Each structure stands twice: as C-alpha cells, then as structure tokens.
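# Understanding the architecture of this molecule
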Amino acid sequence: MSDIAIFTAIQRLVHGNGALNHLADEVDRFGQRKILLVTDPGLVKAGIAGRALDLLAGREVEVFSDVEPDPSIETVIACADRVRALGCDLIVGLGGGSAIDTAKCASVMATNPGKVEDYLGIDKVAAPGVPKIIIPTTAGTGSEVTNVAVLSLKAQNTKKGIVSRYLLADTALLDPELTLGLPASVTAATGMDALTHAIEAYVSRFAQPMTDDFALKAIRLIGENLRTAVHNGQNIGARDAMLTASLYAGYAFGSAATGMVHGLAMPLGGQFNIPHGIANAVLLPHVMRWNLVANLPRYRDIAVALGETVTHLSVREGAERAVAAVEALSRDVGIPVYLDDLAVPRSAMDALARDGLTNFRQVRPNPRDVTYEGLMDILDRAFRLEA
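Let us look at the structure shown here. Model, not experiment: these values are computed from the prediction.

### Section: the overall build of the protein chain
Helix and strand counts for the protein chain come out as 15 helices and nine strands. Whereas a compact globule of 387 residues would reach a radius of gyration of roughly 21 Å, the protein chain reaches 20 Å, a difference of no more than 12%. Counting every position in the protein chain, which comprises 387 residues, the buried fraction comes to 58%. In the protein chain, the share of contacts with a sequence separation of at least 24, taken over all contacts with a separation of at least 6, comes to 79%.

Written as structure tokens, this is what we have:
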C-alpha cells in the first residue's frame, strides 16, 4: 500500500431507475450549449440514442455514432474534428466503454493541440476539455467516473491509455434500465471486467482505505449478482447492483490503478481483436494465481468478499479460494477458460509478454514484481496443457 493516498472523483452523479429522464435537466445546468451526442451504431439501432435525442428536443444536438468496439485513435480524431467543426461546447457520451472513452478523449483533443499520441501516458493533457455528461449503458468499465481512457493503436496492434484529471466527467448519469437489453454474453464480459477492476485495485501497491472500501463492495456485489444479471437479464435489482458495482470498481481503480491482468489484456486485444472484458476475464485467474504469493492476506479478503468460507483455512488456502471462486463465477457466466478458446496461438506469448512489460501503468501497481519470465509463466498457464 502506498504511503500517500490520492483519491479522485467526479463532481456530480445522478443514479437510479429512470435517471435518463433527467438528461435535459442535467444538460440545462450547463446553460445554452450546442451538444454533440457520442454513441455507437448498436445504440442507434436499439433506439436508446433516439430516446436521448427525444429528451433533448428543442436544443441544438448533433450526433456522432461512428464508434467501433475498442475505439481507435482515428475515431477520436474524427470525433474531435466534429466537435470543433460544429462548434459544440457540450458532449454527451452514451454507451459502453468504447463510446465513453471516445467522448472523453474527443473532449480534450478538441481543446488541446497536437496528436492523440502526444497524450498517451499520465498527466500529459495541459488544458481542460469540452464539458461532458457520461451515460453508461453497460455495467463494466466504470469509465464514467475514471480519469482514464484506453485506445487502440492499430498500426502497432496494441492498446494504450490516456490518464488525466481532464478526462473526468462533469456529470455521470447512471440508469440501470438502460442495461436491461444487454445480451447475456455482454453482461458476462462487462461484469467480469468490473470484477477485474475491483480485484486489481484491492491488491494494487497504490491501494488506500477509500479504494479498498469501494473495491471490496464491488467484489461482493458482483459475486452476489452477476450470475442473476446474466441468466435473468430482466431482473432490475441485479442490473442495478451490477451498475453500482461497476461504479464502485471505477472509483477503486481510478485511484489505485490496475495490474497485469490489464497489462496483458491490452496487447491481447490489440493483436487479436479480443474484446477487453473477455481478455480480462480469461486472464484474471491466471494472473491472480501468479500474484498470490505477493499478498496472501488480501487475496484471502477477496475470497471472503466472493462468499467463500475461509475461517478454518490457512491464509494461503484462503487466498487460493479467491482464485477458485473467480474460476467458478467465470464458468457460470460462460466465460472461456483458456487463451486457446480465443484462437490465440502459443507462438504469440513472446510478443504479448514484451508488450505487457511496456505498460508501466500496470507494471508499477502490480503486487508482484513484474518480469519477462513471470509474464511468460502467466501466459503459459493461460493455455491448455499440450498433449
């Protein structure tokens, strides 16, 4: 745990069933503005973007809906160009992590010079961006309350992040009803993404009391509700609990950071186009098992939060229960077990490990010292044993 605790949070959060209906009021708090609604084609087709537009009737609103999964730098450039060309001075980001991160990055690129690549890393953004209201439609990324955005670098076949206080939303609007239509597979992947955020934040070297509290609450809520949300998707109680868990996990990792699950998931997604939540979910138990020895008591706490009884077990046995509990949850919600299941070849291990070592935002917080050999060990365990 770090000796110095720094916790960042957004200024305004509107949360509850039907919260989307308050969108116009939240927009009007910023005064007369020209608005860009940033979303994706799926939400346009599903009519959710249309609902937002109806709620904003009578106001100047333009739509940018060309957001792809795992958004690229090129998409951010196109969105920021749209902000400037139209003279928009308020952004509404509606969607999953891809639409949200595009909106956040376009916000700062519209007001800062240079290339997107200039701002990859930590605290490189010099000036505030266009004000933004963020509305998540999945329960996973927590991006609505973080100072982080992750982008795909297509030319390098990897992903990298921007970290800046100027990426924080001015307002986040959380409505669990918007998640009712999520397919089971998306619910599972995004839910396991949130669990990864919470677990990695709790064992992070930068953990602190505030992030610990949010992380454990998130882990507990996910353990109790993800199965129901996946297999009974109309259960609004489970949906609300998962959206709250994603929020808590976002608060946790937004200040405590993530570790090498994310450090390896980013090149995995960049090289093989694997959705971020799936990459995290498959890697999570394998990285946990490798990290255990660095902080057994904390992994034991995670087991307890996931509902495991560890009273009569040794600390190590209790910690191992955390890995078993995560594996059981993954199986129950249909997450693949091994990288083989994602059509990733063993021949990719070296490139994945070397790329993972460059992700200093994940290397530094990871509870166990990260080495090339260690990452190769994790990746080796993430494949089925060869016959």
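### Let's talk about the state of the cysteines
Taken as a whole, this structure holds zero disulfides when the rule is applied. Its sulfur unpaired, C79 is 9.0 Å from the next cysteine sulfur, which belongs to C88. Classification of C79 as buried rests on a relative accessible area of 0%.

### Examining unusual backbone geometry
Residues other than glycine seldom take positive phi values, yet D70 does so here, at roughly 50°. Along the chain, D70 falls in the loop between β3 (60-64) and α4 (73-86).

### Brief notes about the sheet that holds strand β9 (residues 171-174)
Read from one edge to the other, the open sheet built from six strands follows the order β1-β9-β6-β4-β2-β3, with strand pairing classed as parallel. Taken across any chain shown, the strands that pair with only one partner, and hence form the sheet edges, are β1 (13-15) and β3. Ignoring strand direction, the axes of neighbouring strands in this sheet form an average angle of 15°. When strand β2 (residues 34-38) meets strand β4 (residues 90-95), the two strands line up parallel, connected through four bridges.

### Quick notes on the sheet that holds strand β5 (residues 121-122)
As summarised here, the arrangement of the three strands in space is β5-β8-β7, forming an open sheet in which the pairing is mixed. Of all the strands in the sheet, the pair left with one neighbour each is β5 and β7 (148-153). Bridge analysis of β7 against strand β8 (residues 158-163) gives six bridges, and the strand direction is antiparallel. Paired with A149 across the strands is I162, a residue of β8. Relative to β8, helix α9 (residues 260-272) is tilted by about 130°, and along the sheet it contacts β7 and β8.

### Quick word on the pattern of salt bridges
Evaluation of the coordinates by the stated rule reveals 18 salt bridges. When the shortest N-O distance is used, the salt bridge between R84 and D81 registers 2.5 Å. Taken together, the residues span about one helical turn, with R84 and D81 both in helix α4 at a distance of three residues. Among the residues examined, R84 registers a relative accessible area of 42% and is labelled partly exposed. Here R321 and E308 are joined by a salt bridge, their closest N and O atoms 3.7 Å apart. You can see R321 sitting in helix α12 (residues 315-332) and its partner E308 sitting in the loop between α11 (296-305) and α12, a full 13 residues away along the chain. Taking relative accessible area as the criterion, E308 reaches 26% and is therefore assigned partly exposed.

### Some remarks on helix α10 (residues 276-291)
Approximately 40° is the largest bend angle found in α10, and it occurs at L284, with the proline P285 only one to four residues beyond. α10 sits mainly inside the fold: 15 of its 16 residues count as buried.

### As for the nonpolar core
One finds I162, M192, L195, I219, I302, L339 and V344 to be the most contacted residues of the largest nonpolar core, which totals 112 residues. Leaving out residues up to four positions away in the same chain, L195 has contacts with I219, I222, L284, L306, V326 and L329. The next biggest cluster of nonpolar side chains, apart from the first, holds 21 residues, and it includes L20, I35, A52 and L173.

### A look at helix α6 (residues 184-203)
The end-to-end C-alpha distance of α6 is 29 Å, a good match for the 28 Å that 20 residues give at a rise of 1.5 Å each. Taking burial as the measure, the 20 residues of α6 include 17 buried ones, the bulk of the element.

The rules behind each value
Residues numbered from 1 in each chain as written. Predicted model: local features only at pLDDT ≥ 70, side-chain atom pairs only at ≥ 80, totals over all residues. Heavy atoms only, no water. Helix = DSSP H or I, 4+ residues; strand = E, 2+ residues; numbered from the N terminus. Rg over C-alpha atoms; globule rule 2.2 N^0.38 Å. Buried < 20%, exposed > 50% of the residue type's maximum accessible area, 1.4 Å probe, protein only. Contact = heavy atoms within 4.5 Å. Disulfide = S-S within 2.5 Å. Pairing = 2+ DSSP bridges. Axes fitted to C-alpha atoms, helices over the stretch in contact; angles between N-to-C directions. Salt bridge = Lys/Arg side-chain N within 4 Å of Asp/Glu carboxyl O. Bend = angle between axes of the 7 residues up to and from the residue. Core = buried A, V, L, I, M, F, W, Y, C linked by side-chain atoms within 4.5 Å. Expected span 1.5 Å × (residues − 1).

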